[in-house]
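Take a look at the letters that make up each chain.
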Amino acid sequence: QAQSLSTYIRLNQIGFYPNAAKIAIVIGDASGEFRITTPDLKKTVFKGTLSEARPNAISGKTARTADFSALKTAGTFVVVIPGLGHSYPFEIKTNVHRAVAIGSLKGFYYQRVSVDLPAKYAGAWSRPAGHIKEDTHVLVHPSAVSDSRPAGTVLSSPGGWYDAGDYNKYIVNSGITTGTLLSLYEDFPQFCQAFKTNIPESGNKIPDVLDESLWNLRWMLTMQDPADGGVYHKLTNARFDGMVMPDKANKERYVVQKSVTAALDFAAVMAQAGRVFKSFSRDLPGLSDSCVTAAVRAWEWAQKNPDQLYRQNELNEKMDPDVVTGEYGDRDASDEWIWAAAELYVTTRNDAYYTAVNLFPDDKMPLPSWAQVRLLGYYTLARFEKSLTPRGQKDFPKLKKQLTGFADELIQNVDKQAYQTVMGQSARDYIWGSSAVAANQGIALIQAYRLTNDKKYLHKALTNFDYLLGRNATGFCFVTGFGDKPVMNPHHRPSVADGIEAPVPGLLSGGPNGNAPKQDKCEGYTATSADEMFLDASCSYASNEIAINWNAPLVYLAGALEALQAA
Ligand code: G3I
Ligand code: 9MR
């Protein structure tokens, strides 16, 4: 009988590793047999039976699983559900996610500030440099004025990456992003040597993931006040730009108040960078030492200013101009202390950092996000088990137990879920930037795999990658430029303003967010459950913006799965 494309079949729209699990989800009423065929539907290569219907914990809707893991033949195929239709085509092959891994790291190149993106590297998305005035003309906001930098001072603070769909630069978010990219290198150095993204630096001796990270690290270094070691919270306009290209965004830029969270996230990343770039000292003389020095100075500033949190509303009551761009505010810096202490300790092997803070205040294992960085410190302690001082080694068994216990919780009930993914077991996963929840859950599982060698963690990490690439309740592939139903209209100023239909590629959409309609007030949301609360419209910044701190865990997960081939 005739078969047409069915949107009721949800699967990773890119494909599967030959030896890995292969699952498609079928929503609606279908039951009984399914087939895997060639895309012309003529040749059947596998037959199976759909699972029993499982209820979706979030929406209550039911779904069935088509499990064709036993099919290991390389090729391009579709899932066929008799009477319903067929899926998008997918591939089975080794390195099947290499293009996504490369594309998502390349996404950072497109976010670069202060530099032209020529067609040689940027293809159709070639554009002139944005914010070139930052080279000589960044103002000191009244909240950031100090003896060394009185009102009227102008600074140079070019480079780095635009944070997201907006054009501002925020140290807190830069910190977690850069730390995650550096961690991919630390965990999979060999893979990273051959991980090339066609950026201007690709021919040099430094892996592209580190060259890309350096683009932002160098900017971050300019955000430290040499007089006292403090770090400005952000470099920003007072208000968001319109939907214009970066070179047309000409509002005044300010560095805004130093904060303890910025100082500690900066200290953590600089300490990590000091470690990573040590082995590239011949090509980057002095960089490693400069990073460690900057880290120590930021840490010491934080010790003297532990209560200096960034609270934008309080600031705006006292200061002019009001600053209404992204806050990345915090009420509690205890997790930032843990991350900075762990990185400085591992880099310097000085127990004073280890004992300066309570590294294990409780048994909680909060998933990493810009606001919660505790686990980034734990991952580092776990990564360097062999080189910890006796003080750190003493705690290692406890740390390992907590990290694997957390992973066990994440995977415990996955097989009962309608979509068979770690992501989405609770409606609480569907917050602003939920795609990064999925990616960071994946990273937590990769860490557990590295600690135990138990492949169940690796296999479950792959379920969340499948989620991001299409096995989800929206049916979208959340990475621009990939899949058959990709996000096309992200809240991303260049993608809106460049006149090109396809958005800038390799960027991860924030994803479903139960509160999005209230938060961005974009018209057109129709979903009734959080897992579907997503709108592929550029006004939907609470569900469809892109952001560097979401892309980085995508790069990590894609890179780790490629390095390990998830087999
Ligand atoms: O975590 C809580 C959750 O416990 C609670 O149940 C839920 C109920 O609303 O809220 C959750 O917090 C939300 C948080 O994101 C989750 O990370 C907040 O409501 C929500 O307001 C907050 O949104 C942040 C958003 O800025 C608005 O401030 C996002 O995290 C953050 O990623 C986003 O970052 C923006 C920058 O400000 C500007 N640049 C673009 C960037 C991406 O959209
Ligand atoms: O474009 C801004 C986006 O990057 C932020 O994440 C978001 C929330 O802070 O705000 C967006 O800017 C909107 C502003 O908050 C309200 N007016 C419309 C702006 C988008 O066009």
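Each residue is numbered by its place in its chain's sequence as written, counting from 1. Chains and ligands are labelled sequentially in the order written, the chains with letters from A and the ligands with numbers from 1. Reporting in this predicted model follows two pLDDT cut-offs: at least 70 for local features of residues, and 80 or more for side-chain atom pairs to be given and counted; totals over whole chains, interfaces and linings ignore these cut-offs and use all residues.

A. Representation of the overall build of the chain within the structure. Numbering of helices and strands runs from the N terminus, with a helix taken as a DSSP run of H or I at least four residues long and a strand as a DSSP run of E at least two residues long. Summing up its helical and strand segments, the chain has 18 helices and 15 strands in all. Radius of gyration here uses only the C-alpha atoms, and the compact-globule reference equals 2.2 Å multiplied by the residue count raised to the power 0.38. On C-alpha atoms alone, the chain measures out to a radius of gyration of 23 Å, which is about the 24 Å that the 2.2 N^0.38 rule sets for 567 residues. With the C-alpha coordinates aligned to their principal axes, the bounding extent of the chain is approximately 80 × 55 × 45 Å. Any residue whose C-beta has 12 or fewer other C-beta atoms within 10 Å is treated as exposed, any with 20 or more as buried, and any in between as partly exposed, C-beta atoms being built from the backbone. Out of the 567 residues belonging to the chain, those deemed buried represent 55%. We call two residues in contact when the distance between their C-beta atoms, placed using the backbone, is within 7 Å. Restricting the contact set of the chain to residue pairs at least 6 apart, pairs at least 24 apart contribute 71%.

B. Expanded view of the packing of helix α1 (residues 98-110) against helix α18 (residues 548-564). In this analysis an axis means a line fitted to C-alpha atoms, helices contributing only their contacting stretch, and an angle means the value between N-to-C directions, from 0 to 180 degrees. Relative orientation of the contacting elements α1 and α18 amounts to 150°, with a least axis distance of 9 Å. One finds that α1 runs roughly antiparallel with respect to α18. Classified by chirality, the crossing of α18 by α1 is left-handed. Listed contacts from α18 to R98, V100, A101, S104, L105, G107 and F108 of α1 are I548, N551, L554, V555, A558, G559 and E562. When residue character is reported, Ala, Val, Leu, Ile, Met, Phe, Trp, Tyr, Cys and Pro are called nonpolar, Asp, Glu, Lys and Arg charged, and the others, Gly included, polar. Here the contact of α1 with α18 is composed, by residue class, of eight nonpolar, four polar and two charged. Note on terminology: angles under 35 degrees are roughly parallel, angles over 145 are roughly antiparallel, angles of 65 to 115 are roughly perpendicular, and the others are oblique. A clockwise turn of the near helix away from the far one marks a right-handed crossing, whereas an anticlockwise turn of less than a right angle marks a left-handed crossing.

C. Expanded view of the site of ligand 1. Nearness here has a simple definition: the residue's C-beta atom, placed using the backbone, must lie within 6 Å of the molecule or strand. Surveying the vicinity of ligand 1 reveals 13 residues, the closest of which are A164, G326, I431, W432 and A547. Here the shell around ligand 1 is built from residues that sort into five nonpolar, four polar and four charged.

D. Examining the domain arrangement of the chain more closely. By the assigned domains, the chain splits into domain 1 (9-92) and domain 2 (128-410). With centres defined by C-alpha atoms, the gap from domain 1 to domain 2 works out at 42 Å. What marks off one domain from the next here is an automatic or database domain assignment.

E. Summary view of the site of ligand 2. Close contacts around ligand 2 come from A164, G165, D166, F240, G326, Y541 and E545, and that covers them all. The residue makeup of the shell around ligand 2, split by class, is three nonpolar, two polar and two charged.

F. Structural detail: the pairing of strand β4 (residues 33-37). When DSSP finds two or more bridges between two strands, those strands count as paired. Of the strand pairs in this sheet, β4 and strand β5 (residues 44-49) are connected by five bridges, and their pairing is antiparallel. The partner of R35 across the bridge, within β5, is K47. The turn linking β4 back onto β5 is made up of six residues, and L41 within it adopts a positive phi angle of 70°. In this sheet, strand β8 (residues 75-81) lies alongside β4 in antiparallel orientation, the contact comprising three bridges.

G. Region of the structure containing the sheet that holds strand β15 (residues 254-258). Strand order in this open sheet of five strands is β12-β11-β15-β14-β13, and the pairing throughout is mixed. In this open sheet, the two strands that pair with only one neighbour each are β12 (154-155) and β13 (169-170). Of the strand pairs in this sheet, β13 and strand β14 (residues 232-236) are connected by two bridges, and their pairing is antiparallel. Opposite K169, over in β14, you have L235 as the bridge partner.

H. Looking closely at the sheet that holds strand β1 (residues 9-10). Taken together, four strands build an open sheet; the order of strands is β1-β3-β7-β6 and the sheet is antiparallel. The sheet is open, and its two borders are formed by β1 and β6 (54-55), each paired with just one other strand. Relative to strand β7 (residues 62-67), β6 runs antiparallel, the two sharing two bridges. Across the sheet, residue P55 finds its bridge partner in β7, namely T62.

I. Representation of helix α3 (residues 171-187) in the model. Between the first and last residue of a helix there are one fewer steps than residues, each counted as 1.5 Å, and that sum is the expected span. Its 17 residues place the ends of α3 24 Å apart at the C-alpha level, agreeing with the 24 Å of an ideal helix rising 1.5 Å per residue. Within α3, 15 of the 17 residues are buried, which leaves it mostly tucked inside the rest of the structure.

J. Region of the structure containing helix α12 (residues 390-411). Given a rise of 1.5 Å per residue, 22 residues ought to cover 32 Å, and the 32 Å separating the end C-alpha atoms of α12 matches this to within 8%. The sharpest bend along α12 measures roughly 40° and falls at F396, with the proline P397 sitting one to four residues further on. Where the residues of α12 are buried, they touch α9 (334-348), α10 (351-356), α11 (374-383), α13 (434-452) and α14 (455-468). Think of it this way: the bend at a residue is just the angle between two axes, each fitted to seven residues, one set ending at that residue and the other starting at it.

K. Just unusual backbone geometry, in detail. Of the consecutive residues D320 and P321, the connecting peptide bond is found in the cis state with omega at -5°. On the secondary structure map, P321 appears in the loop between α8 (312-318) and α9. One non-glycine residue with positive phi stands out, namely H131, at about 55°. Within the element layout of this structure, H131 appears in the loop between α2 (119-122) and β11 (138-140).

L. Region of the structure containing the nonpolar core. Ranked by internal contacts, the top residues of the largest apolar core, which has 176 residues, are A267, M270, A295 and A298. With 12 residues, the single largest contributor to this core is helix α6 (residues 260-276). Of the domains in this structure, domain 1 (9-92) and domain 2 (128-410) are the two that each give at least three residues to this core. Non-local contacts of A298, meaning those with residues more than four positions away in its chain, are made with Q224, G229, V231, A263, F266, A267 and M270. Joining buried Ala, Val, Leu, Ile, Met, Phe, Trp, Tyr and Cys residues through C-beta atoms within 7 Å gives a set, and that set is a nonpolar core.

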